[in-house]
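A structural walkthrough
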Amino acid sequence: MNLLFISLGCDKNLVDAEKMLGILGHDGFSFVDDENEADVIVINTCCFIGDAKEESVNTILEMARLKETGRLKALVVTGCLAQRYREEIIKEIPEVDAILGTASYEEIGRAVREALEGRRTESFQDIDAPVSETTDRTVTTGGHYAFLKIAEGCDKRCTYCIIPYLRGKYRSVPMEQLVKEAGELAQKGVKELILVAQETTLYGKDLYGKKMLLELLKKLCAISGLQWIRLQYCYPEEITDELIDTIRTEEKICHYLDIPIQHASDAILKRMGRRTSNQEIRQLIAKLRREIPEIALRTTFISGFPGETEEGHQILKDFVKDMEFERAGVFTYSPEEDTPAYGFADQIPEEVKERRRAEIMELQQEIAFAHSSAMEGRVLEAFIEGKVADEDAYVGRTYMDSPDVDGLIFVNTDLSLMSGDFVRVRVTGALDYDLIGEVEDEFTE
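Throughout what follows, the structure given in this document is the object of discussion. Model, not experiment: these values are computed from the prediction. (Residues numbered from 1 in each chain as written. Predicted model: local features only at pLDDT ≥ 70, side-chain atom pairs only at ≥ 80, totals over all residues. Heavy atoms only, no water.)

1. A word on the sheet that holds strand S6 (residues 121–123)
One open sheet accounts for 6 strands, arranged S2-S1-S3-S4-S5-S6; its pairing is parallel. The strands lining the two open edges of the sheet, one partner per strand, are strand S2 (30–31) and S6. Bridge count for strand S4 (residues 74–79) against strand S5 (residues 98–100) is 2 bridges, and the pairing is parallel. Bridge pairing links valine 76 to alanine 98 in S5. The strands touched by helix H1 (residues 11–26) within the sheet are strand S1 (2–7), S2, strand S3 (40–45) and S4, with S1 carrying the most contacts at an inclination of about 170 degrees. Helix H6 (residues 108–116) rests against S3, S4, S5 and S6 of the sheet, and its axis sits at about 155 degrees to S4. (Pairing = 2+ DSSP bridges. Helix = DSSP H or I, 4+ residues; strand = E, 2+ residues; numbered from the N terminus. Contact = heavy atoms within 4.5 Å. Axes fitted to C-alpha atoms, helices over the stretch in contact; angles between N-to-C directions.)

Below you can see the structure in the form of structure tokens.
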């Protein structure tokens, strides 16, 4: 029986998808990448912002047509859109045979079997229940890097964010389970482990009564085979001196930190329900750059949040200019039903949001290009991800680049390299967000 799995949205959603693939693989399904060859299609959906919601709905509708035009026998919808719009999907899209909420992915095997038997299935477990103990998964990222989701849900309750309503309260994955999963990934050839959660920095507080990220990092660093460990989604107010010291001193931890900041106006930060001020964030960034001079910082911002004035927008522009982030993304505010900000007065017109976003992106683009140009002459370790067709060149990433969201380095060499190899590369030029380089010496792996 052929099965096509479509996973939309974030890397945390992807981990759920990979665990569902592991379950379905054990159940004997053959995986295909062509919807016209699929007897079963599973869509793991996202609805974090409006664009993601629209993509999920359009994908479901597109695949539903195959019930009439193709060989499709069962259509299954899982993930955040399923959790949020359960009744609407059931009522409006009768082609959907099974629907699973965010805490129900372990039911995927049963749901698919029942769908194939002609029974419509729904499974919505308690979103505040302890996280699943499943560690087996089918890695879809090429086999040499993988995401490790260390917690589920969130307690921060930022006023714009729908995640707590879809994923529940913050629940850490037990440390022994994470170490086991990381070890299994390393045995399968994973060399870069990327730690993700709605907030990684609070890891362990719910289970152990205190933050345990440092202890987890030390255990992960001890796993043979892992060479890079990367941290994402570190809230600024939770970044301690001890965490900074651990990043600085543990050789396997990339000198890279993803810090979702969202804005720089104190008035907007307060309205967003954030826990830090402009000055506190500036002090943190100064400390990070002082303690780890070569650190690459990534962040995200929201433009056009309700009540954002031109003055507030200028504060954000000044902040972006001053901080010179190596990596940054900017999103226009997306009003999400059921969140406090959805009902705020002073909603900003779409054209104003887009203009402000474009201004910040243009500013950040200049900063990013300057960072890339300044790298010329430096020797960096590169993680090879593939070959450039018909050229003596490879595509890789440096410690400054997380997959899919950051830049690449194009490595010129007549050496024969493999995906997952690490090589020392001298940077010879820059292409906007990407770097160009040549192999400095024999590759290390």
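So much for the structure itself; the text now carries on.
2. Things to note about the packing of helix H14 (residues 310–323) against helix H15 (residues 350–374)
With their axes 10 Å apart at the nearest point, H14 and H15 run at an angle of 15 degrees to one another. With respect to H15, the axis of H14 lies roughly parallel. Considering the relative orientation of H14 and H15, their crossing is right-handed. Here Glu310, His313, Leu316, Lys317, Val320 and Lys321 of H14 come into contact with H15, specifically with Arg355, Arg356, Glu359, Ile360, Leu363, Gln364 and Ile367. For the contact of H14 with H15, the residue count by class is 5 nonpolar, 2 polar and 6 charged. (Parallel < 35°, antiparallel > 145°, perpendicular 65-115°, else oblique. Left-handed = near helix turned anticlockwise from the far one by under 90°. Nonpolar A, V, L, I, M, F, W, Y, C, P; charged D, E, K, R; others polar.)

3. So, H1
Each full turn of the α-helix corresponds to 3.6 residues, which orients residues three or four apart in the same direction. Along its 16 residues, H1 runs 23 Å from first to last C-alpha, staying within 8% of the 22 Å computed at 1.5 Å per residue. One or two residues past the end of H1 sits glycine 28, with phi positive at roughly 95 degrees. (Expected span 1.5 Å × (residues − 1).)

4. Description of the layout of surface pockets
Of the volumes computed, that of the second largest pocket is approximately 370 Å³. Ala103, Tyr105, Pro130, Val131 and Ser132 are, among the 25 residues lining the second largest pocket, the residues nearest its centre. Of all the secondary structure elements, the ones that give two or more residues to the lining of the second largest pocket are H1, strand S8 (151–152) and helix H8 (175–187). Counted by class, the lining of the second largest pocket contains 10 nonpolar, 5 polar and 10 charged residues. (1 Å grid on protein atoms, 1.4 Å probe; cavity = no way out; pocket = protein on both sides within 12 Å on 5 of 7 lines; lining within 4 Å. Points joined across faces, edges and corners; volume = space filled by probe spheres on them.)

5. Some points on the packing of aromatic side chains
Enumeration according to the criterion identifies 11 aromatic pairs in this entry. Here phenylalanine 319 and phenylalanine 325 contribute two aromatic rings whose centre-to-centre distance is 5.9 Å and whose plane-to-plane angle is 45 degrees, an arrangement assigned as tilted. Comparing phenylalanine 319 with phenylalanine 325 shows no difference in burial state: the two are buried. Between phenylalanine 383 and phenylalanine 422 the ring centres are 5.0 Å apart and the planes differ by 70 degrees, which places this aromatic pair in the edge-to-face class. Of this pair, phenylalanine 383 sits in strand S15 (residues 379–387) while phenylalanine 422 sits in strand S18 (residues 422–431); the two residues are 39 residues apart in sequence, bridging distant segments of the chain. Each member of the pair, phenylalanine 383 as well as phenylalanine 422, carries the same accessibility label: buried. Here a set of aromatic residues connected by ring pairs shows up, and it is made of Tyr160, Phe305, Tyr333 and Phe344. For arginine 230, the ring lying beneath its charged end belongs to tyrosine 256, and the centroid distance is 4.6 Å. Over the ring of tyrosine 394 we find lysine 387, and its NZ or CZ is 5.7 Å from the ring centre. (Phe/Tyr/Trp six-rings, centres within 6.5 Å; stacked < 30°, edge-to-face > 60°. Buried < 20%, exposed > 50% of the residue type's maximum accessible area, 1.4 Å probe, protein only. Lys NZ or Arg CZ within 6 Å of the ring centre and 35° of its normal.)

6. Some words on empty space enclosed by the protein
As enumerated under the stated definition, the model contains 2 cavities of 30 Å³ or more in all. Looking at the largest cavity, its volume works out to about 50 Å³. What lines the largest cavity is Asn13, Asp16, Met20, Asn44, Thr78, Gly79, Gly101, Thr102, Ser104, Tyr105 and Arg167. Here the lining of the largest cavity takes 3 residues from H1, the largest share from any one element. A per-class count over the lining of the largest cavity returns 2 nonpolar, 7 polar and 2 charged. Estimated volume of the second largest cavity: approximately 40 Å³. Lining the second largest cavity are Ile90, Val96, Asp97, Ala98, Ile99, Arg120, Thr121 and Glu122. The set of elements that each furnish at least two residues to the lining of the second largest cavity consists of S5 and S6. Tallied by class, residues from the lining of the second largest cavity come to 4 nonpolar, 1 polar and 3 charged.

7. Here we look at the pairing of S15
Two faces belong to every sheet, and in a regular strand the side chains alternate between them. Both S15 and S18 contribute to a ladder of 5 bridges, which runs antiparallel. Across the sheet, residue phenylalanine 383 finds its bridge partner in S18, namely phenylalanine 422. Bridging between S15 and strand S16 (residues 393–397) involves 4 bridges; their strand directions are antiparallel. Following the sheet pairing, isoleucine 384 is matched in S16 by glycine 396. Between S15 and S16, which pair antiparallel in sequence order, lie 5 residues; one of them, aspartate 390, sits at a positive phi of approximately 65 degrees.

8. Details of helix H2 (residues 50–64)
For H2, spanning 15 residues, the distance from its first C-alpha to its last is 21 Å, which sits close to the expected 21 Å at 1.5 Å a residue. Of all the positions in H2, only Ala52, Lys53, Ser56, Thr59, Ile60, Met63 and Ala64 are classed as buried. For H2, the angular spread of buried residues about the axis comes to 130 degrees, placing them on one side. Close packing links the buried residues of H2 with S1, S3, helix H3 (66–69), S4 and helix H4 (80–84). (Arc of directions from axis to C-beta.)

9. Structural notes on the pattern of salt bridges
Throughout the structure, instances matching the rule amount to 41 salt bridges. A salt bridge links glutamate 114 to arginine 110; the nearest nitrogen and oxygen atoms lie 3.2 Å apart. Note that glutamate 114 and arginine 110 are positioned in helix H6 at a spacing of 4 residues, about one turn of the helix. For the salt bridge of glutamate 199 with lysine 156, the shortest nitrogen-to-oxygen distance reads 3.9 Å. With a gap of 43 residues between them, glutamate 199 in the loop between strand S10 (192–196) and helix H9 (205–208) and lysine 156 in the loop between S8 and helix H7 (163–167) connect regions that are remote in the sequence. Lysine 156 gets classed as buried once you look at its relative accessible area, which sits at 8%. What you see here is one network of salt bridges that share partners, running through Glu308, Glu310, Lys317, Arg355, Arg356 and Glu359. (Salt bridge = Lys/Arg side-chain N within 4 Å of Asp/Glu carboxyl O.)

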